[in-house]
Amino acid sequence: MSAPTISRTTPRVRVTTELVLAVLAGLAIVVLTITTNGNLLQPGTIRAVLQFLAVPMVIGLSQMVVLAVGQMNLSVGVLTGLTAVVAASLMVDQGLSPWLAVPAALLVGGLAGLANGLLVVLTRINGFIVTLATMTIISGLRYGVNGTGTYQNYSPGLVDFGQSSLLGIPVVFLLAVLVALVVAWFFRRSVVGRNMLASGGNPIAAMLSGISNDRSVVLAHTLSGLLAGVAGVMVLMMSGSVNASIGDDLLLPSFAAPIIGGVALVGGVVSVLGTSLAALIVRLVDVAQAQYNINPRWVDLVVGGVVLGAVLLSQSRDRKDDA
Amino acid sequence: MTDLMPQAAAAPPEAELARPASLPWWANPRVGLVAVIAGLVVLFSSLRPSFLNVDLTLVPMQADIAVFAVVGLAQLAVLSLGHMNLAVPRMAALSAFAAGFVYDRMGVPLLVGLLVALLVGALIGAVSGLIITSTGVNSFVVTLALDFGLLGLVSLLYAWFANGVAFSVRPAGMDSLRFDTMSDYCAGNVCGPPIPLVVPFALVAIVAVGLFFRRSRVGREILMTGSSIRAARLSGIPVARRIVQAHGLSGLLCGLAGWLLAMNNGAFSATLGEQFLLPSFLAPVLGGTLLAGGAVSVLGTVLGATLTTVIQKGLNLLQFELDQLNILIGSVLLVALSLDRVRHVLAEKRGTRA
């Protein structure tokens, strides 16, 4: 019942936000290309831009999945770190092959997400507080694996694969695109995904149409944890060494991407393309910083401004729609 | 005043600050907190007698509690509305920068720097409140974006004005605030208790915030706005102004917390306050303040800050590592909140039966 309503009202908002973001990203690329004398379009630069876009994209999607049901997940960043460290530990300390360690990392992510979801549903405590608590716990576990030590040489094969490119496009970025496509399909076509959106958009209407809101919440948190696990594996593949500080700087970007991408905090709306484009824009700010040798701290300032600007823009458009 | 606020006149003043009267005393989270704190103090001091050592443990612990109670109140000020302030750490950092700047460049006395910190904090808090009311954007998003922005701004400011990461200036009196306790000041043979000099600053803030929400008209109207913005608007409360004021208060308390931490640390640095976010929620939530808004517990917040500090110091003495500490503190939060739920459900059942 409620699914058609959602698909009728949201695409209009979503498409315009996505269009604005695409134009913005396009403009940024043109400006960056011209001002760096074409340096941005060198194959090496493109590869670097895309390679380091993969993790922010997936972590943004990981946050987006819980925002879809009106929840938040503060533990995504530290969970990414935990899964990377656990996988590295399994390979170095236990001598497991990457074929086992990578699924184990995904499992850890999924289970942590499941725990978040169950805690939210069973205790009825606000999801923000639950994940604040699990964030603290997971951040402790993350250091518990190997202290502040660094894992290296865990799997040359995996790292070679992670740093390789296909037709000039980094493999990790292709993986991120694949993940994004699956998530987009999930919310657009699958019954479970549509039910989750319905729960997020209007829990009472969803309940009356026979959807279990609790199941949607648990599922969203599990998926979010799984995606954080994917991001952890990507970190593992991209760099030859991992330590427990991974993920400390991912929490704010995880919110920035979906919020800039037009995903509301109240639930019921997702935009995979918007979230991905927003991650690209944030990445371009990073690139600009590197190209122009600007103090890296400007990046945070600009990203903060962009988040606020994006929300204000969509807000004023919503108001016009209402009027 | 009562004519304008019929609801407030109808309800007893305790109703909004404490639990509703229908709940029995043991459903009051503050009673549980006091019991847990007392139990932990007994446990830690029997395991490590040095836990009761005045100079090594008790004095630094009081200084920490002072800072974290104020940090908790900074969050509580907006939780009263059902809002959040994710920029607590960076508002504190910006205020501390401002204080450090005036000490360094203008050589102002200690208390003038405090006033500057409070002013800057209140201003930035009010700005965030203004953005929220004028745009209608969720407070979470606004303060998140603000935190991003301030994170960049604060380190840029330190880079421009402090040649790097910190002001090394020490205004007169800073060292005594940092190291002295009241027992260093004697009148004849009678010396003060071993309480660090930063504690009175926090006490003033605690009492002032408590009175503000319990007695002052603005504070009560903020709480009403938090419990139902529609009802508040219909009863003629200037809702937008109250929201700005609550955020301004939050910023002001961030300023105080930042300044107090700078005094405790003895330095104004760019990373100051970055550990504030978790404790800012921990203290009020443990103390029974809901995220939904409309009710606050100032005393609970102080107890919540005390509990987390006691756990931290105790586990430190037992030589727990930082990671184990994090796991335990996260678990304590979850267990405490789950117990709170259980207690609430039980109390309500009992209430209906009685």
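Residues numbered from 1 in each chain as written. Chains lettered and ligands numbered in written order. Predicted model: local features only at pLDDT ≥ 70, side-chain atom pairs only at ≥ 80, totals over all residues. Heavy atoms only, no water.

How would you summarise the overall build of chain A if you had to cite specific residues and measurements?
Scanning chain A for helices and strands turns up 14 helices and 4 strands. By the compact-globule yardstick of 20 Å for 323 residues, chain A fits well, its C-alpha radius of gyration being 20 Å. Overall, chain A is about 55 × 50 × 35 Å in size when its C-alpha atoms are taken along their principal axes. Expressed as a percentage of contacts within chain A between residues at least 6 apart in sequence, the contacts between residues at least 24 apart total 79%. In the structure as shown, chain A presents an accessible area of about 13,700 Å², 67% of it carried by carbon and sulfur atoms. Charge centroids of chain A, computed over 15 positive and 11 negative side chains, lie 10 Å from each other. (Helix = DSSP H or I, 4+ residues; strand = E, 2+ residues; numbered from the N terminus. Rg over C-alpha atoms; globule rule 2.2 N^0.38 Å. Contact = heavy atoms within 4.5 Å. Areas by Shrake-Rupley, 256 points an atom, 1.4 Å probe, with all protein chains shown as cover. Lys, Arg positive; Asp, Glu negative; His and termini not counted. Charge placed at Lys NZ, Arg CZ, Asp CG, Glu CD.)

Describe the environment of A:Ile29, naming the residues involved and giving the relevant values.
Tracing the backbone through its elements, the reader meets A:Ile29 in helix H1 (residues 2–35). Separated by 23 residues in the primary sequence, A:Ile29 and A:Phe52 place their C-alpha atoms 16 Å from one another.

Explain the packing of helix H4 (residues 76–92) of chain A against helix H5 (residues 98–123) of chain A to me, using residue names and the numbers behind them.
Residue and element names in this part refer to chain A. Viewed as axis vectors pointing N to C, H4 and H5 meet at an angle of 150°, and their least axial separation amounts to 9 Å. By the angle class used here, H4 and H5 are roughly antiparallel. Two packed elements cross with a definite hand, and for H4 against H5 that hand is right-handed. For the pair formed by H4 and H5, the contact residues are Leu79, Leu82, Thr83, Val86, Ala87, Leu90 and Met91 on the first element and Pro98, Ala101, Ala104, Ala105, Val108, Gly109 and Ala112 on the second. Here the residues of the contact of H4 with H5 are counted per class, giving 12 nonpolar, 2 polar and no charged. (Axes fitted to C-alpha atoms, helices over the stretch in contact; angles between N-to-C directions. Parallel < 35°, antiparallel > 145°, perpendicular 65-115°, else oblique. Left-handed = near helix turned anticlockwise from the far one by under 90°. Nonpolar A, V, L, I, M, F, W, Y, C, P; charged D, E, K, R; others polar.)

Report on the interface of chain A and chain B, specifying residues and quantitative values.
Between chain A and chain B, the contact holds 38 residues from the first and 37 residues from the second. A buried area of about 3,300 Å², summed over both sides, lies between chain A and chain B, and 82% of it is on carbon and sulfur atoms. Applying the counting criterion to the chain A and chain B interface returns 0 salt bridges. Of all the secondary-structure elements, those providing two or more residues to the side of chain A that touches chain B are H5, helix H6 (127–146), helix H12 (251–260) and helix H14 (297–322) of chain A. Looking at the side of chain A that touches chain B element by element, the count peaks at 13 residues for H6(A). Looking at side-chain class alone, the side of chain A that touches chain B contains 24 nonpolar, 10 polar and 4 charged residues. (Buried area = accessible area lost by both parts, 1.4 Å probe. Salt bridge = Lys/Arg side-chain N within 4 Å of Asp/Glu carboxyl O.)

Account for empty space enclosed by the protein, with residues named and values stated.
Residues and elements named next belong to chain A. Across all of its chains, the model carries 1 cavity of 30 Å³ or more by this definition. If you add up the space inside the largest cavity, you get close to 40 Å³. Along its surface, the largest cavity is lined by Pro56, Pro253, Ala257, Ala279 and Val282. Looking at the lining of the largest cavity, the elements with two or more residues in it are H12 and helix H13 (272–292). Looking at the lining of the largest cavity residue by residue, the class counts come to 5 nonpolar, no polar and no charged. (1 Å grid on protein atoms, 1.4 Å probe; cavity = no way out; pocket = protein on both sides within 12 Å on 5 of 7 lines; lining within 4 Å. Points joined across faces, edges and corners; volume = space filled by probe spheres on them.)

Describe the packing of aromatic side chains, listing the residues and the values that go with them.
Centre distance and the angle of the planes are the two values used to describe a pair of aromatic rings. All names here are of chain B. Enumeration according to the criterion identifies 14 aromatic pairs over all chains in this entry. Ring centres of Phe97 and Phe161 lie 6.2 Å apart, and the angle between their planes is 50°; on these two criteria the pair is classed as tilted. In this pair, Phe97 sits in helix H5 (residues 88–106) while Phe161 sits in helix H7 (residues 139–161), placing the two residues 64 residues apart along the sequence. With 5.2 Å between their ring centres and 75° between their planes, Phe212 and Phe213 make a pair best called edge-to-face. By way of ring pairs, the aromatic residues Phe97, Phe101, Tyr158, Phe161 and Phe167 are connected into one cluster. (Phe/Tyr/Trp six-rings, centres within 6.5 Å; stacked < 30°, edge-to-face > 60°.)

Can you lay out the side chain of A:Arg142 for me, pointing to particular residues and giving the numbers?
Residue and element names in this part refer to chain A. The residue Arg142 is located in helix H6 in this model. For Arg142, a relative accessible area of 2% translates into the label buried. A polar contact is formed between the side chain of Arg142 and the side chain of Asp248, at a distance of 3.0 Å. Beyond its immediate stretch of four places on either side in the chain, Arg142 contacts Val78, Gly81, Leu82, Val85, Ala244, Ser245, Ile246, Gly247 and Asp248. (Buried < 20%, exposed > 50% of the residue type's maximum accessible area, 1.4 Å probe, protein only. Polar contact = N/O pair within 3.5 Å; in protein donor to acceptor, adjacent residues only side chain to side chain.)

Which residues make up the nonpolar core, and what values do they have?
Ranked by internal contacts, the top residues of the largest apolar core, which has 140 residues, are A:Phe128, A:Ile129, A:Phe187, A:Val242 and B:Phe140. Of the residues forming this core, the biggest block, 13 residues, is contributed by helix H11 (residues 213–238) of chain A. Those residues in contact with A:Val242 that lie beyond four places of it in its chain are A:Ala84, A:Ala88, A:Gly149, A:Thr150, A:Tyr151, A:Tyr154, A:Val235 and A:Leu236. Membership of the second largest hydrophobic core comes to 73 residues, among which are B:Val108, B:Val199, B:Ile222 and B:Leu272. (Core = buried A, V, L, I, M, F, W, Y, C linked by side-chain atoms within 4.5 Å.)

Go over the confidence of the model for chain B, please, and point to the residues and values.
Residues and elements named next belong to chain B. When pLDDT is averaged along chain B, the result is 82, and 90% of the positions lie at 70 or above. Within chain B, the lowest mean pLDDT, 41, falls on helix H1 (residues 6–10), and the highest, 93, falls on helix H12 (residues 239–265). The low-confidence segment residues 1–21 (pLDDT under 50) makes 30 contacts with residues lying over four places distant or belonging to another chain. The ipTM value of the predicted complex is 0.77, and its pTM value is 0.82. (pLDDT = per-residue confidence, 0-100.)

Which residues make up a nonpolar patch on the surface, and what are the values?
Side chains of A:Val31, A:Tyr292, A:Ile294, A:Trp298, A:Val302, B:Trp160 and B:Phe161 sit close together on the surface and give an oily, nonpolar patch of about 610 Å² of accessible area. Secondary-structure elements contributing two or more residues to the nonpolar patch are H14 of chain A together with H7 of chain B. Mapped onto the fold, A:Val302 is located in helix H14. Take A:Val302: its relative accessible area is 36%, and that puts it in the partly exposed class. (Patch = residues over 30% accessible without salt bridge, like charges linked within 9 Å, V, L, I, M, F, W, Y side chains within 5 Å.)

Give me the packing of helix H6 (residues 110–135) of chain B against H7(B): which residues, what numbers.
Residues and elements named next belong to chain B. Orientation of H6 relative to H7, taken along the N-to-C sense of each, is 135°, at an axis distance of 9 Å. It follows from the interaxial angle that H6 and H7 lie oblique. Handedness of the H6/H7 crossing: right-handed. Between H6, through Ile124, Ser128, Ile131 and Ile132, and H7, the contact on the second element is made entirely by Ser139, Val142, Thr143, Leu146 and Leu150. Considered class by class, the residues forming the contact of H6 with H7 number 6 nonpolar, 3 polar and no charged.

With reference to specific residues and values, describe the environment of B:Ser280.
All names here are of chain B. Within the secondary structure, Ser280 sits in helix H13 (residues 277–286). It is 21 Å that separates the C-alpha atoms of Ser280 and Ala267, two residues lying 13 residues apart in sequence. Excluding residues that lie within four positions of it along the chain, Ser280 makes contacts with Val71, Gly72, Gln75 and Val88. Polar side-chain contacts of Ser280 include one of 2.8 Å to the backbone oxygen of Leu277.

Residue-level account of H13(B), with values.
All names here are of chain B. In terms of residue burial, H13 counts as a mostly covered element, since 9 of its 10 residues are buried. Within H13 the residues assigned to the buried category are Leu278, Pro279, Ser280, Phe281, Leu282, Ala283, Pro284, Val285 and Leu286. A positive phi of about 95° marks Gly288, the residue just after H13.

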